[in-house]
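Spelled out, the chains give:
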Amino acid sequence: MKSNLLNCVMIVFIFLHLFLPVSLWAVEIAPRISDREIIEKLAVLEEGQKALRTEMKSGQEALSIRLSDLRAEMKSGQEALNKRLDDLNKRQDDSNNTMLVLFGSLITLIVALFGYIAWDRRTMVKPVIEQVNRLERKVLADLDLEHSDGSLLRRQLEALRQYAGKNPEFAEILRRLALL
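Report follows, based on the coordinates.

**Observations regarding the overall build of the chain**
Along the backbone of the chain there are 4 helices and 0 strands. Secondary structure elements in the chain, listed N-terminal to C-terminal, are α-α-α-α. Over its C-alpha atoms the chain spans a radius of gyration of 64 Å, topping by over 25% the 16 Å that the globule rule assigns to 180 residues. On the principal axes, the C-alpha backbone points of the chain span a range of 175 × 80 × 25 Å. Within the chain, the proportion of its 180 residues that are buried is 3%. Within the structure as shown, the chain displays about 17,400 Å² of accessible surface, and the carbon and sulfur contribution to it stands at 63%. Between the mean site of the 26 positive side-chain charges and the mean site of the 25 negative ones, the chain shows a separation of 6 Å.

And the structure:
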């Protein structure tokens, strides 16, 4: 029974909400406005619109003046920026030229150093070569290596050995010196 009653209450509640919206209960009756009041309010609105139009025109004129000033300022700023960029490019070119000169000088110094080293070696070795050649000529002349019986030293040793064969005392001396 309770559930039937509850179901009935629910159905009534749903029916009321569906067919009787709450917004109908919130209706407020507006006071009547006369035609004269409407015309007066329209006149006030038209005056306000005219004032807005004149204000917009003056604002547009001020804005166009401000824009032309801003354009002139931007143009002068661009010219100053271009001048600074040109100066910067010139300084960079000068810096590059300086670096090239320094690099060229360094290469020149390195080449000159290698040239000096080669010249110094040549001048230092030349006297040594001359002295070795002189010593070689002396040795060749003293030893007489081109003789058919052998070198001068070999021939002298052979003569000493032959003499040692005749003189026993001299032979003993040659044996002590490991020449016999």
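**With respect to the packing of aromatic side chains**
Remark: the centre distance and the inter-plane angle together describe each pair of aromatic rings, the angle taken between the planes. This structure, assessed with the given rule, holds 2 aromatic pairs. Ring geometry for Tyr116 versus Trp119: centroids 6.0 Å apart, planes at 35 degrees, classification tilted. Of this pair, Tyr116 and Trp119 both sit in helix α2 (residues 35-143), separated by 3 residues, roughly a single helical turn. Each ring, one from Tyr163 and one from Phe170, has its centre 5.1 Å from the other, and the planes form 65 degrees; the classification is edge-to-face.

**Details of the pattern of salt bridges**
Across all of its chains, the model carries 2 salt bridges by this definition. We note a salt bridge from Arg36 to Glu40, for which the minimum N-O separation is 3.8 Å. Here Glu40 and Arg36 lie together in helix α2, a separation of 4 residues that amounts to about one turn. Glu40 gets classed as partly exposed once you look at its relative accessible area, which sits at 43%. The salt bridge partner of Glu172 is Arg175, with a shortest N-O separation of 3.8 Å. Placement of the pair is Glu172 and Arg175 together in helix α4 (residues 168-176), with a separation of 3 residues, close to one helical turn.

**Details of the packing of helix α3 (residues 152-166) against α4**
Contact pair α3 / α4: the axes reach a minimum separation of 6 Å and the direction vectors enclose 130 degrees. With respect to their mutual orientation, α3 and α4 come out oblique. For α3 against α4, the interelement crossing comes out left-handed. Every residue of α4 that contacts α3 at Leu160, Arg161, Tyr163, Ala164 and Lys166 is listed here: Pro168, Phe170, Ala171 and Leu174. Of the residues in the contact of α3 with α4, the class split is 7 nonpolar, no polar and 2 charged.

**Comments concerning a nonpolar patch on the surface**
Residues Phe103, Leu106, Ile107, Ile110, Val111, Leu113, Phe114, Tyr116, Ile117 and Trp119 make up a contiguous nonpolar surface patch of roughly 1,100 Å² in combined accessible area. One can find Ile107 in helix α2. Residue Ile107 is classed as partly exposed on the basis of its relative accessible area of 39%.

**A short note on α4**
For α4, the N-terminal capping position is held by Asn167, with its side-chain oxygen 3.3 Å away from the main-chain nitrogen of Glu169. Ala178 sits one or two positions beyond α4 and adopts a positive phi of about 60 degrees.

About the thresholds
- Residues numbered from 1 in each chain as written.
- Predicted model: local features only at pLDDT ≥ 70, side-chain atom pairs only at ≥ 80, totals over all residues.
- Heavy atoms only, no water.
- Helix = DSSP H or I, 4+ residues; strand = E, 2+ residues; numbered from the N terminus.
- Rg over C-alpha atoms; globule rule 2.2 N^0.38 Å.
- Buried < 20%, exposed > 50% of the residue type's maximum accessible area, 1.4 Å probe, protein only.
- Areas by Shrake-Rupley, 256 points an atom, 1.4 Å probe, with all protein chains shown as cover.
- Lys, Arg positive; Asp, Glu negative; His and termini not counted.
- Charge placed at Lys NZ, Arg CZ, Asp CG, Glu CD.
- Phe/Tyr/Trp six-rings, centres within 6.5 Å; stacked < 30°, edge-to-face > 60°.
- Salt bridge = Lys/Arg side-chain N within 4 Å of Asp/Glu carboxyl O.
- Axes fitted to C-alpha atoms, helices over the stretch in contact; angles between N-to-C directions.
- Parallel < 35°, antiparallel > 145°, perpendicular 65-115°, else oblique.
- Left-handed = near helix turned anticlockwise from the far one by under 90°.
- Contact = heavy atoms within 4.5 Å.
- Nonpolar A, V, L, I, M, F, W, Y, C, P; charged D, E, K, R; others polar.
- Patch = residues over 30% accessible without salt bridge, like charges linked within 9 Å, V, L, I, M, F, W, Y side chains within 5 Å.
- Polar contact = N/O pair within 3.5 Å; in protein donor to acceptor, adjacent residues only side chain to side chain.

In short, geometric facts, not functional conclusions.
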